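Report on the structure
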Amino acid sequence: MLLSALIPSNRVAQWLLVHIHHLLDAVGLKKNQTIEEVIYAAIIVCIALFIGWAIRNIVLYGVRKFMLMRHSTVGKELIDHKVLSRCSHIIPPLVLLALLPFAFTSETALRVIVLRGLLIYTVVVVCRAICTVTKFIWLRFDETRNSKNLPLGGILDTAVGIIWFIAVIICISIVVNKSPVNLLTGLGAFAAVLMLVFKDSILGLVAGLQLSQNDMLRVGDWIVVPSTIANGIVIDVNLTAVKVQNWDNTIVTLPPYTLVSTSFQNWRGMTESGCRQIARSVIIDSDTIVPATKEMISEITGKYPIIKAYIDKIDSLGHNDYNPGLAVVNGTNQTNLGLFRAYMCQWLLNNPAIRSDEQILVRLMPPTGEGIPLQIWCFTATTNFTAYEAIQSAVFEHVAVTAIDFGLRLFNDPSGTDVTTVTLTPPASAQTNNPAPNAAAGSAS
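A brief report on the enclosed structure follows.

**With respect to the packing of helix α16 (residues 336-350) against helix α17 (residues 385-402)**
- One can describe the packing of α16 onto α17 by two numbers: an axis separation of 12 Å at closest approach and a directional angle of 145°. Crossing hand, α16 versus α17: right-handed. Across the interface between the two elements, Phe 340, Tyr 343, Met 344, Trp 347 and Leu 348 from α16 touch Ala 394, Val 395, His 398, Val 399 and Thr 402 from α17.
- By residue class, the composition of the contact of α16 with α17 is eight nonpolar, two polar and no charged.

**Some thoughts on the pairing of strand β8 (residues 372-380)**
- Burial within β8 is extensive, with eight of its nine residues counted as buried.
- For strand β7 (residues 361-364) and β8, the ladder comprises four bridges, and the chain directions are antiparallel. Looking at the pairing, Arg 363 lines up with Gln 375 of β8.

**Let's talk about the state of the cysteines**
- Here the structure, examined in full by the defined rule, presents zero disulfides.
- Just so you know, Cys 131 is unpaired, no disulfide at all, and the nearest cysteine sulfur is the one on Cys 127, 4.2 Å from it.
- Classification of Cys 131 by relative accessible area gives buried; the value is 5%.
- Between Cys 378, a free cysteine, and Cys 345, which holds the nearest cysteine sulfur, the sulfur-to-sulfur gap is 9.9 Å.
- Since its relative accessible area comes to 0%, Cys 378 is described here as buried.

**Some details on the sheet that holds strand β2 (residues 231-237)**
- With antiparallel pairing, the five strands of this open sheet are ordered in space as β4-β3-β2-β1-β5. Since the sheet does not close on itself, it has two edges, and those belong to β4 (251-254) and β5 (265-266), each with one partner.
- With five bridges connecting them, β2 and strand β3 (residues 242-246) associate as antiparallel partners. When the sheet's bridge partners are listed, Val 234 is paired in β3 with Val 244.

**Concerning α17**
- End to end, α17 covers 26 Å across 18 residues, agreeing with the expected 26 Å (1.5 Å per residue, within 8%).
- All buried positions along α17 are accounted for by Tyr 388, Ile 391, Gln 392, Val 395, Phe 396, His 398, Val 399 and Thr 402. For α17, the angular spread of buried residues about the axis comes to 150°, placing them on one side. Summarising the geometry of α17, the exposed residues directed more than 90 degrees from the buried face are Phe 385, Thr 386, Glu 397 and Val 401.

**Examining the nonpolar core**
- Core analysis: the biggest nonpolar cluster contains 36 residues, and Leu 339, Phe 340, Tyr 343, Met 344, Leu 348, Ile 376 and Phe 406 have the highest contact counts within it.
- Looking at this core, the elements that each hand over two or more residues are β6 (276-284), α14 (294-303), α15 (308-317), α16, β8 and α17.
- If we ignore the near neighbours within four places in the chain, the residues touching Leu 348 are Ile 354, Ile 360, Val 362, Ile 376, Cys 378 and Val 395.
- Counting 13 residues, the second largest nonpolar core, distinct from the first, contains Leu 211, Ala 230, Leu 254 and Phe 264.

**Quick look at the sheet that holds β7**
- Pairing within the open sheet is antiparallel, and its three strands lie in the order β6-β8-β7. The sheet is open, and its two borders are formed by β6 and β7, each paired with just one other strand. Direction aside, the axes of adjacent strands within the sheet are offset by 20° on average.
- Set on the sheet, α16 makes contact with β6, β7 and β8; between it and β7 the angle comes to about 160°.
- Helix-sheet contacts for α17 involve β6 and β8, and the interaxial angle to β6 is about 25°.

**Thoughts on the environment of Ser 356**
- Along the chain, Ser 356 turns up in the loop between α16 and β7.
- Classification of Ser 356 by relative accessible area gives partly exposed; the value is 47%.
- With 22 residues separating them in the primary sequence, Ser 356 and Cys 378 have C-alpha atoms 8.6 Å apart.

Rules behind the numbers
Residues numbered from 1 in each chain as written. Predicted model: local features only at pLDDT ≥ 70, side-chain atom pairs only at ≥ 80, totals over all residues. Heavy atoms only, no water. Axes fitted to C-alpha atoms, helices over the stretch in contact; angles between N-to-C directions. Helix = DSSP H or I, 4+ residues; strand = E, 2+ residues; numbered from the N terminus. Left-handed = near helix turned anticlockwise from the far one by under 90°. Contact = heavy atoms within 4.5 Å. Nonpolar A, V, L, I, M, F, W, Y, C, P; charged D, E, K, R; others polar. Buried < 20%, exposed > 50% of the residue type's maximum accessible area, 1.4 Å probe, protein only. Pairing = 2+ DSSP bridges. Disulfide = S-S within 2.5 Å. Expected span 1.5 Å × (residues − 1). Arc of directions from axis to C-beta. Core = buried A, V, L, I, M, F, W, Y, C linked by side-chain atoms within 4.5 Å.

Okay, structure coming up:
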């Protein structure tokens, strides 16, 4: 009913024809059919454009006023995304379809061409309006309901692609004057060609659905794809591409099916947990590991009293304490390295930057030709990149300066300075077999 009220009727067309006849009579061009058709068509086009312009401005003016009165967020977004403006473009072709046929008195080839062109234009405008509304609905859903930032852009692209595909089929049916059903039936023979042409889009659609259904990827996730150079934040996921902004601000574009067909690392779990792992080793020189004496233990506990309670506990038990907890002190009182492990465990437990409800380990790794690796395994209380690196650096700076007090030395490859300070001492046998020159000369004399 509303559409019928908006589109002018046959009476309007007859009224326009009568006034055009009077105008032609006044200028002396009475009953000139060609001129009548041209003038009528020009007037109809002008009227249609004016009606579309008027309705668009009236609607936009009303929405702006409503938005100012109600402070409507939806109304503001409708204007910002030009939804109403693009939908209002439907009015001019509807007016033209209602009035333009009356400009032609006979079924000429020109009339057929003009009407078919106008129908195609109407289909395109309607399709564009539907796509605009669809994108706006998806945008509202993505902002208000998609709290998990699921990659739904591929589904939107698929919906828009289906709408345009239907529009193209309808336009072709108008050009060839055939039913769209017949065209769709005939497309079965070109299914293989279509699958080849739209292979990436089809794979992207399936991959996007898998990524969304299994919650494998969200916009804002930090991902690492080992088979590529992608290592950064996901900024966009659509039907044919996943865009990742690397830490050097370069953009890496990946097809969605790459993330489904191969493995990739998603750091979302780390971000949501609020803590990040430290798992780094230093190498202890094996020559500096010695048995712990009572004097050594007394000196160390005097300088680092935080491990005195643990040492006293071991002494009272008569053996080492192997506590299976996540964050406990783990060490021995038998070697200086065992004392150092106990101290580092206690120091990490007392550090507010380290999570005490997560795993804390100070453990020895398999020996190497360079020494015995001592690994620090713990979790920081923040996932912020700058804070994480600062905490990790502070931990190993503390290891470097306190290991000396336990009689331990960290391994370093020889540097240029070490090589220049090496003193070569001849073996004792060489000194015995080769007496000093002065002594040899005295015996000869």
